[in-house]
Structures are given as C-alpha cells and as structure tokens.
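Commentary on secondary and tertiary structure
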Amino acid sequence: MAIALMRSLKSITTSSYEVFKVVGCRTFAAGGAKAKKGKGGAAGDAPKASLISKEVKSTTVYGANILKDGQDPKILPDSEYPDWLWHLLDKRPALSELRRKDTESLPFDDLKRFVKLDNRARIKENNMLKAKN
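Overview of the structure. Keep in mind that what you see is a predicted model, and the values were worked out from it rather than measured. (Residues numbered from 1 in each chain as written. Predicted model: local features only at pLDDT ≥ 70, side-chain atom pairs only at ≥ 80, totals over all residues. Heavy atoms only, no water.)

**Examining a positive patch on the surface**
Taken together, Arg 92, Lys 112, Lys 116, Arg 120 and Lys 124 make up a surface patch of like positive charges. Tracing the sequence through the fold places Lys 116 in helix 4 (residues 108-132). (Patch = residues over 30% accessible without salt bridge, like charges linked within 9 Å, V, L, I, M, F, W, Y side chains within 5 Å. Areas by Shrake-Rupley, 256 points an atom, 1.4 Å probe, with all protein chains shown as cover. Salt bridge = Lys/Arg side-chain N within 4 Å of Asp/Glu carboxyl O. Lys, Arg positive; Asp, Glu negative; His and termini not counted. Charge placed at Lys NZ, Arg CZ, Asp CG, Glu CD. Helix = DSSP H or I, 4+ residues; strand = E, 2+ residues; numbered from the N terminus.)

**Remarks on the packing of aromatic side chains**
One pass over the full model with this rule turns up one aromatic pair. Here the aromatic rings of Tyr 81 and Trp 86 are separated by 6.1 Å at their centres, their planes lie at 90°, and the arrangement is edge-to-face. Classification of Tyr 81 by relative accessible area gives partly exposed; the value is 27%. Judged by relative accessible area, Trp 86 falls into the partly exposed class, the value being 44%. (Phe/Tyr/Trp six-rings, centres within 6.5 Å; stacked < 30°, edge-to-face > 60°. Buried < 20%, exposed > 50% of the residue type's maximum accessible area, 1.4 Å probe, protein only.)

**Digging into the pattern of salt bridges**
Going through the model one piece at a time under the given rule, you end up with two salt bridges. Between Asp 118 and Arg 99 there is a salt bridge, with its nearest N and O atoms 2.9 Å apart. Taken together, the positions of Asp 118 in helix 4 and Arg 99 in helix 3 (residues 95-100) put the pair 19 residues apart, joining distant regions of the chain. Between Arg 122 and Asp 118 there is a salt bridge, and its shortest N-O distance comes to 3.5 Å.

**Re the side chain of Arg 113**
Here Arg 113 shows up in helix 4. It turns out Arg 113 is buried and unbridged, and the closest side chain with the opposite charge, Asp 110, is 6.2 Å from it. Setting aside chain neighbours within four positions, we find Arg 113 in contact with Arg 92, Pro 93 and Leu 98. (Contact = heavy atoms within 4.5 Å.)

**Brief notes about the side chain of Asn 65**
Mapped onto the elements, Asn 65 comes out in the loop between helix 2 (51-56) and helix 3. Here Asn 65 falls in the buried class, since its relative accessible area comes to 18%. A polar contact of 3.0 Å, which involves the side chain of Asn 65, links it to the backbone oxygen of Leu 67. In this structure, Asn 65 is in contact with Gly 70, Gln 71, Asp 72 and Pro 73, ignoring residues within four places of it in sequence. (Polar contact = N/O pair within 3.5 Å; in protein donor to acceptor, adjacent residues only side chain to side chain.)

**A few points about the environment of Asn 119**
By the element assignment, Asn 119 lies in helix 4. Engagement of the side chain of Asn 119 in a polar contact is seen with the side chain of Arg 122, the distance being 2.6 Å.

**A word on helix 4**
Taking 1.5 Å of rise per residue, the 25 residues of helix 4 would be expected to cover 36 Å, and the 36 Å separating its terminal C-alpha atoms lies within 8% of that figure. If you check which residues of helix 4 are buried, you get Asp 110, Arg 113, Phe 114 and Leu 117. Structurally, helix 4 contributes buried residues whose contacts are with helix 3. (Expected span 1.5 Å × (residues − 1).)

**Points about the environment of Ser 105**
In this fold, Ser 105 is placed in the loop between helix 3 and helix 4. With a relative accessible area of 56%, Ser 105 lands in the exposed category. At 3.1 Å, the side chain of Ser 105 forms a polar contact with the backbone oxygen of Asp 102.

No statement about biological role is implied by the geometric values presented.
Below, the structure is given as structure tokens:
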C-alpha cells in the first residue's frame, strides 16, 4: 500500500514538475540574426503545443490506482458516466432563498434541502442559547 502511494505521489510530482518546466521556462529573444520586414509577427512566431495539452488529451488517470496489482483507470466517454455525476457541482439554493419561497411549491430535492438546512440552523441556535446560560 505504501509503495503504491509513493508511486502515485512520484507520478504526480513528476507531472507537476513537467508542467512547471513548461510554464517556468525562461527564454531569450534571438539576437540580430535576421531583421523583420513589415509589421506584426510572422506565422512562425505562434506558440508551440505544450506538455499541458498532451496531459489533457490523455486516456488514463495517472496516479488514481489504489490497488497493489491494479492499473490506472481509463477515461471513458461522457456517455459512459451516470447522469447524476454531471450535476454534482451545480449551485444549490441557500437557506435564505428557500425560506423566501413557498414550501408547498418546492420540488422534492429543494424541500429536502430546506428541512436539512433549517434543522441545522435550529440546532446551532439552540446550542448558542445553551452556551450563553
């Protein structure tokens, strides 16, 4: 287990080092070899593809293996993942917004969230009152 963890950390640090090499690389302009004619840069002055773009286009998740004899998982097409996965980072309404709405017209998920947040707020308020006494 510790060896697998060390290997995963090594791959993470290696990849971040390569990214730093690309980002933190300092280059100097070529001095006086040719004089440019005309305004603006030429098509040859366009930046080259970096290592970062290669990492984004990767087909495996490096360092995500937690098993001793396992392999790193492959990145699947979006259609292979469940629908709920794409809604995990959606913004959810706060308690103040839910209190302003009519509880009879709330969808089930929002009503469940309202009850949870309201109970949490009530518990905090009761604990605060007990602490003052």
